[in-house]
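Fold and geometry: a report
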Amino acid sequence: LKMKKGKPQQGFFDDDGYESTTSIEQKECEKDVFKLLSKPQERLILQRDRHISFCLNALRKISKSYTVLDASRPWICYWCLNALHILGVSIDNQTSSDIVDFLSRCQSPNGGFGGGPGQFPHLATTYSSINTLMIIGTEKAYNIIDREKMYNFLMNMKQKNGGFIMHADGEVDVRGSYCALNTAVFLNILTPELTENCGNFIRSCQTYEGGIGGEPGNEAHGGYSFCGVAAMAIINQLDLLDMNSFLRWLVKRQMSVEGGFQGRTNKLVDGCYSWWQGAAFPIIWKALECSRNPKIKTLLNKTDLEIMDGMARKWEEISKSLDNNSREDNNNDNDNN
């Protein structure tokens, strides 16, 4: 691809001669990204050791700038532990125990987890707390969860239309559906009572574009689209969605120059949507495989999990190899200097 004056080259944004604020920002973004990608001598390599160091430090101490996330502290635990898990790094027993102790103080007496000790329970921080405890995977981590009160909390969040409010007197959106169903399936408390009408609510959030909005009538959005399709996968009701339309919307969110994904139509690329949009593709792939093979009853079976675990281990080997090569290159550069 080459940037030229006048008509943009194939792959670059074309505003058809009608310039707007968003078209100007998109063109500027493409130019900035193109400059980086046009330098083959500068290899883009994941700085694995620095990521590991950052995550380990963040589990113990973070800067004052994170004060705004005081109601999201279980999320910080989850983000750090999930990143370390992907990188193949285990935390020590003391750190695991300390995280479990902290999350136990975030659990509400009435079920669910809040954003910090003494805070009201919320489906988002319940999701991040449960996922954190699953990653730790110790008997102590499992034992702090009050499954009976958790089920009561989830049912209290459940609405007649099949959706879930995020917290008492809170908003109803697709995030709630995914967080509640994900929590329930992890804790083996997924019941017909809990899932009743959930699929119909999520289906009502699919837009004319094909993606899924936060609630009926909302614009299709990457985060809500993942939450919606993942929730449908959990309850095995993906057939309620127009999957052709969804897939078409999903692939069109990948930007031709940047390579990453935008979260909504006419928005700039954003790193977080490589997760939200990217994570939807394996679910769709598995759904298509199930549709071709009637013998497959569930989206994830033991074999799938073993394959994913093997892929994660393989990625760990590759990332370590790349990291070692990068250090060797840096040492050679220093020697030459």
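Residues numbered from 1 in each chain as written. Predicted model: local features only at pLDDT ≥ 70, side-chain atom pairs only at ≥ 80, totals over all residues. Heavy atoms only, no water.

1. Some remarks on the overall build of the protein
The condition that has to hold: The way it works is that DSSP assigns letters per residue, a run of H or I at least four long becomes a helix, a run of E at least two long becomes a strand, and they are numbered from the N terminus. Exposed residues in this analysis have more than 50% of their type's maximum accessible area, buried residues have under 20%, and partly exposed residues fall in between, with area computed by a 1.4 Å probe over protein chains only. Note on contacts: a residue pair is in contact if any heavy atoms of the two residues lie within 4.5 Å. Areas reported here follow the Shrake-Rupley algorithm with a probe of radius 1.4 Å; residue values treat only the protein chains shown as occluding.
When helices and strands are tallied, the protein shows 15 helices and zero strands. Residue burial in the protein is summarised as follows: out of 337 residues, 41% are buried. The contacts in the protein between residues at least 6 apart in sequence include a share of 62% that link residues at least 24 apart. Of the roughly 19,600 Å² of accessible surface on the protein, a fraction of 52% belongs to carbon and sulfur atoms.

2. So, the side chain of Ser225
As a reminder of what qualifies: Pairs of N or O atoms are called polar contacts if they sit within 3.5 Å, as long as, within protein, a hydrogen donor faces a hydrogen acceptor (for residues adjacent in sequence, only side-chain-to-side-chain pairs).
Positionally, Ser225 belongs in helix H11 (residues 222–234). Within polar-contact distance, the side chain of Ser225 engages the backbone oxygen of His221 at 2.8 Å.

3. Side note on the packing of H11 against helix H12 (residues 243–251)
As a reminder, the rule being used: In this description, a line fitted to the C-alpha atoms serves as the axis of each element, helices being fitted only across the stretch in contact, and the angle between N-to-C directions of two axes falls anywhere from 0 to 180 degrees. Handedness of a crossing is defined here by the sense of rotation of the near helix relative to the far one, left-handed for an anticlockwise turn of less than a right angle and right-handed for a clockwise turn. The classification used treats Ala, Val, Leu, Ile, Met, Phe, Trp, Tyr, Cys and Pro as nonpolar, Asp, Glu, Lys and Arg as charged, and all other residues, Gly among them, as polar.
Where H11 contacts H12, the axes come no closer than 12 Å and their chain directions differ by 145°. As for the relative orientation of H11 and H12, their crossing is left-handed in sense. Along its contact with H11, which presents Gly222, Ser225 and Val229, the element H12 presents Met243, Phe246 and Trp249. Its residues placed into classes, the contact of H11 with H12 shows four nonpolar, two polar and no charged.

4. Considerations on the pattern of salt bridges
Applied cut-off: The salt bridge definition used is simple: a Lys or Arg side-chain nitrogen within 4 Å of an Asp or Glu carboxyl oxygen.
Throughout the structure, instances matching the rule amount to six salt bridges. The shortest N-O distance in the salt bridge between Asp98 and Arg60 comes to 2.9 Å. One end of the pair, Asp98, is in helix H4 (residues 93–106); the other, Arg60, is in the loop between helix H2 (48–58) and helix H3 (73–86), and 38 residues separate them in sequence. Among the ionic pairs, Arg175 bridges to Glu171, the shortest N-O distance being 2.7 Å. Note on Arg175: relative accessible area 27%, which makes it partly exposed. Judged by relative accessible area, Glu171 falls into the partly exposed class, the value being 36%. Shared partners join several salt bridges into a network, and the residues in it are Glu171, Asp173 and Arg175.

5. Things to note about the confidence of the model for the protein
Here is the rule: The quantity called pLDDT is the predictor's confidence in a given residue, expressed from 0 to 100.
This prediction gives the protein a mean pLDDT of 86; 82% of its residues lie at or above 70. Within the model, pLDDT remains below 50 along residues 1–5, and this stretch shows eleven contacts once partners closer than five positions in the same chain are excluded.

6. Regarding the packing of aromatic side chains
For the record, the criterion: We call Phe, Tyr and Trp rings a pair once their centres come within 6.5 Å, taking the six-membered ring for Trp, and we label the pair stacked below 30 degrees between planes, edge-to-face above 60, and tilted otherwise.
Following the criterion strictly, the structure yields twelve aromatic pairs and no others. Taking the centre distance of 5.7 Å and the plane angle of 40° together, the rings of Trp75 and Tyr127 count as tilted. Placement of Trp75 in helix H3 and of Tyr127 in helix H5 (residues 123–136) is noted, with a sequence separation of 52 residues between them. The pair formed by Trp75 and Tyr127 is uniform in burial state, with each residue classed as buried. Following the ring pairs from residue to residue traces out a cluster consisting of Trp75, Tyr78, Trp79, Tyr127, Tyr178, Phe226, Trp275 and Trp276.

7. Structural notes on unusual backbone geometry
Among all residues except glycine, the phi angle is most often negative; among peptide bonds, the trans geometry is most common. Its identity as a non-glycine residue notwithstanding, Asp169 has a phi of 65°, on the positive side. A relative accessible area of 80% places Asp169 in the exposed class. In this structure, Asn266 takes a positive phi of about 70° despite not being glycine. Among the secondary structure elements, Asn266 is positioned in the loop between H12 and helix H13 (272–276). The partly exposed category is assigned to Asn266, whose relative accessible area is 44%.

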